[in-house]
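A look at the structure
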Amino acid sequence: MAHRWGMVVDLDRCTGCEACVTACHAENNIPTVGPQEAANGRAMHWMRVERYWEGEYPDAKVKFRPVLCQQCDNAPCEAVCPTYAAHQTDEGLNAQVYNRCIGTRYCANACSYNVRFFNFFNPQWEKPLHLQLNPDVSVREVGVMEKCTFCVQRIKTGKRTAATENRELKDGDIQPACAQACPSGAIIFGDLNDHESRAARLAHSPRGTKLLEDLGAEPKVTYLQRQPWNESDA
Amino acid sequence: MSRTRNNPLADDLLRPLFNTGVWFYLAVAALGTVVLTGLTAWAYQMWHGMGVAGVNWPVFWGFHETNFVFWIGISHAGTLISAILRLVNARWRRPVTRCAEVITVFALMIGAIFPIIHLGKPWLFYWVAPYPSQGSIWPNFRSPLVWDFFAINTYLTGSLLFLMLPMIPDFALVRDRAVGLRKRIYGLLAMGWQGTTQQWNRLEAAMQIMAIAIIPVAVSVHTIVSFDFSMAQVPMWHSTIFGPYFVAGAIFSGIAALILAMTVLRRMLRLHDYLQDIHFDNLAKLLLLMALLWGYFVTAERITVWYGNEPHEMAAFWSTQRGLYSPLFWTMVCCNFVLPLALLPFRRMRIGFGAVVAASGVVVGMWLERFLIIVPSLSNKQLPYTWGGYTPQPVEVIVMASTFAAMALLYTLFAKVVPIISIWEMRVGNQPHPAATAAPEHELPELSKARP
Amino acid sequence: MTAIYALYDDPEVVQRAVDGLRTAGVPDGRIVVMSSEPFEDFEFSHRDKADWLFTVAVAGGVVGLAAGYWLTRLTQLSWPLRTSGMPIVAPWPNLIVIFEMTMLGAILATVVTLFISARLPRRLPRFYDPEISDGYILVGVANPGADADSRPLTQALTDAGPGRIKRIE
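Here is a short report on the structure shown in this document. All of these numbers come straight from a predicted model, not from anything done at the bench. (Residues numbered from 1 in each chain as written. Chains lettered and ligands numbered in written order. Predicted model: local features only at pLDDT ≥ 70, side-chain atom pairs only at ≥ 80, totals over all residues. Heavy atoms only, no water.)

Concerning the overall build of chain B
Across its full length, chain B holds 19 helices and zero strands. Against the compact-globule benchmark of 22 Å for 452 residues, chain B has a radius of gyration of 24 Å, which places it among compact chains. Projected onto the principal axes, the alpha-carbon positions of chain B cover approximately 80 × 50 × 45 Å. Counted over contacts in chain B with a minimum sequence separation of 6, partners at least 24 positions apart contribute 80%. For chain B, the computed accessible surface area is about 17,000 Å², with 69% contributed by carbon and sulfur atoms. Looking at charge distribution, chain B has the averaged site of its 31 positive side-chain charges lying 8 Å from that of its 21 negative ones. (Helix = DSSP H or I, 4+ residues; strand = E, 2+ residues; numbered from the N terminus. Rg over C-alpha atoms; globule rule 2.2 N^0.38 Å. Contact = heavy atoms within 4.5 Å. Areas by Shrake-Rupley, 256 points an atom, 1.4 Å probe, with all protein chains shown as cover. Lys, Arg positive; Asp, Glu negative; His and termini not counted. Charge placed at Lys NZ, Arg CZ, Asp CG, Glu CD.)

Right under this line is the structure:
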């Protein structure tokens, strides 16, 4: 059976440390744009940690929510692309083909999660940072969209390694950079078609919800969060 | 009555072609400079990347897309109105049709450039067109941007032909009057037109069919432009009313542009005998009607959102009603509704300065409408963490200003080389109508049978 | 090419001249009328109406529709890429493309037929008179034959009313 990659993010474990954000930047050659351009809304964080405050100081409660591309089954970003740069792969990944992209930015508008990013300028790395670029990931040029790939390069490597070692791919072989870097283990990645995988089991947890589920995009990322009505189940 | 008495008509209407005033060179130089500045700004944007524009995360569309919708909207005056007036055989249409159709063609050309200007890689714009490529990949027909390509392509082709077919007899007229190089050029343009009965019949029949075909195309074009927005699940975009709302708004802004263009033409080319009070009166009435229709659509759109009270939509809604964008919103309401309703019920205003004021207001108001549809919604999408804003940058403003200059420049050049009022259609308007008065229209076929 | 024609400035006279030529035995197809406006209110302008142009337009529309259907369907099947969970051949979006191509087909068929049937573009034929542009209406017959044959034609053109008879030899 074909793989169907998915992710579970346990909000009850998330500490908001942003290690996932840093790991993602390093793994995927995501340029940093500097404070000025970041203030202009040009920062690119395939993975971001959203912070929400509840209540007033000093009784404020902070909630963290790591948000990345939800790899939707019915992704609104895909159909609006005139050149098929955005489309669904056989393994359920929401692919972005950089050299098919002509930069209409329509996908970014159609995405309700705002997890697509545009290269407003040619990316630059100050020396010696250019030496730490990941050779497995292409560097995007000005004028194209980019987004979380579920570390597709690691998925490929994982499958290739399993094939050379002449064995089945097993749960946990593949870990995206964010999941690997998360100190509290809040991010679990796996094959949703493999019902024994941790991710598939956790995706059915009573604590699980999907982000903006009512929009019907069928995201493949599940958020776990203790709710007042299922406190006993957790 | 003598047919040849109509010669003053040709003399009047051909005067701009044969005589060139200093103002013409001045206008072309001034407008050309602005257009060149705009092209430079675009080149600057291409060189550095979209980052020099104000668009950002999450407001990925800004001025360029506003101008796209605005100019495509302006293009809905000409061909649509002239096709409708042709089909109902409104006699007063004759001096208006061509100067209206020219607006359509040029506004469409300008509008169609904006989707290219806004691209991250504008040099790859042709990837939206269906052609057998080496990669054997075709455009995605599920994308509204591809629908845009097809719709604008059909509309531009249709409007261009609709404008140019009736120009052939006028080119023949210039050919017969001019000498030297000009005669050769207009001779080529006239394509050997003789004015035989057969040619006239074919031309009239073709124009009739074009008029019928172009109306649904025009309606579809702005519906599809509205689909660029309403297909996406963005607050206040995902609405079934957008198709008719955009079409009505497009015709509204188009009529306003037509009134402004005719005012300038009448003054600059001294066409007071042709563009008469009745034309301004009728067009201003139409503008008033469209203002009412616009008010109806905006009310229907707003009250549905307000009453439905969906949290996602309310953020975008309140940002236009009370928040950051509310000054623009209420300016728009004044320009598009209050101003026309205050001025245009009075005939003295419709044929005078009032129509110009109202039309200018509507052009501004409709531009604001397009901006208010695009930017506040993108600023307030579903996740509050991603809310943002938009500040236009100089490059966007310069490109926008240059398109207004481009419109004026193209119009000036066109009026220089083509009679801006169709001479042969004016002659038809001047002829006596013996059949129409003596014998009713439906008896004509019998009449021809009775002849030997 | 030779021709005999008259220039009139009154369409009523033109009507009489056309009728006169018919009485003189000239078939309708050979009577040439050239004018700088269509004169729809006169019978002479109703000869050779092109009502069939509508049929051509519809046929062009059908061709456009078929082309649109073929283009959308085959290209989507040639490399089936999934987007947004929509079917590979998605009927609703395709309908829009098919509609636009239908209308484009109708418009292009109309214009192409117009050019072919009105024999445009061509070099301006010798049988023409620039005075038409001044508002005169030309009535004449091309290749009228020998002098003896053309005499009744000249007579018919003269009898119709005030005008100027001209010849192209």
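Quick word on helix 9 (residues 197–230) of chain B
Along an α-helix, residues three or four apart share an orientation, since each turn contains 3.6 residues. Residue and element names in this part refer to chain B. Its 34 residues place the ends of helix 9 49 Å apart at the C-alpha level, agreeing with the 50 Å of an ideal helix rising 1.5 Å per residue. Along helix 9, the helix axis deviates most sharply at Ile214, where the bend reaches about 25°; the proline Pro216 sits within four residues downstream. Of all 34 residues that make up helix 9, 27 are buried, and the element is covered over most of its length. (Expected span 1.5 Å × (residues − 1). Bend = angle between axes of the 7 residues up to and from the residue. Buried < 20%, exposed > 50% of the residue type's maximum accessible area, 1.4 Å probe, protein only.)

Focus on a nonpolar patch on the surface
Residues B:Ile84, B:Leu87, B:Val88, B:Ile212 and C:Phe54 make up a contiguous nonpolar surface patch of roughly 410 Å² in combined accessible area. Within the secondary structure layout, B:Val88 lies in the loop between helix 4 (78–87) and helix 5 (94–117). B:Val88 sits in the exposed class, given a relative accessible area of 57%. (Patch = residues over 30% accessible without salt bridge, like charges linked within 9 Å, V, L, I, M, F, W, Y side chains within 5 Å. Salt bridge = Lys/Arg side-chain N within 4 Å of Asp/Glu carboxyl O.)

A look at the packing of helix 2 (residues 22–48) of chain B against helix 16 (residues 394–417) of chain B
Pairs of packed helices are described in terms of their axes, by the angle between the two and the distance that separates them. Residue and element names in this part refer to chain B. It is the contact of helix 2 with helix 16, at a shortest axis distance of 8 Å, that shows an interaxial angle of 145°. For helix 2 against helix 16, the interelement crossing comes out left-handed. Class assignment for the residues of the contact of helix 2 with helix 16 results in 18 nonpolar, six polar and one charged. (Axes fitted to C-alpha atoms, helices over the stretch in contact; angles between N-to-C directions. Left-handed = near helix turned anticlockwise from the far one by under 90°. Nonpolar A, V, L, I, M, F, W, Y, C, P; charged D, E, K, R; others polar.)

Focus: the interface of chain B and chain C
Counting from both sides, the interface comprises 67 residues of chain B and, opposite them, 75 residues of chain C. Of the roughly 6,100 Å² buried between chain B and chain C, counting both surfaces, carbon and sulfur atoms make up 63%. Linking chain B with chain C are two salt bridges. Measuring nitrogen to oxygen at the nearest pair gives 3.6 Å for the salt bridge that ties B:Arg177 to C:Asp134. At the boundary of chain B and chain C, one finds 25 residue pairs in polar contact (both at pLDDT 80 or more). Of all elements in the fold, only helix 6 (144–164), helix 7 (167–177), helix 9, helix 17 (423–430), helix 18 (434–438) and helix 19 (444–450) of chain B reach the threshold of two or more residues within the side of chain B that touches chain C. (Buried area = accessible area lost by both parts, 1.4 Å probe. Polar contact = N/O pair within 3.5 Å; in protein donor to acceptor, adjacent residues only side chain to side chain.)

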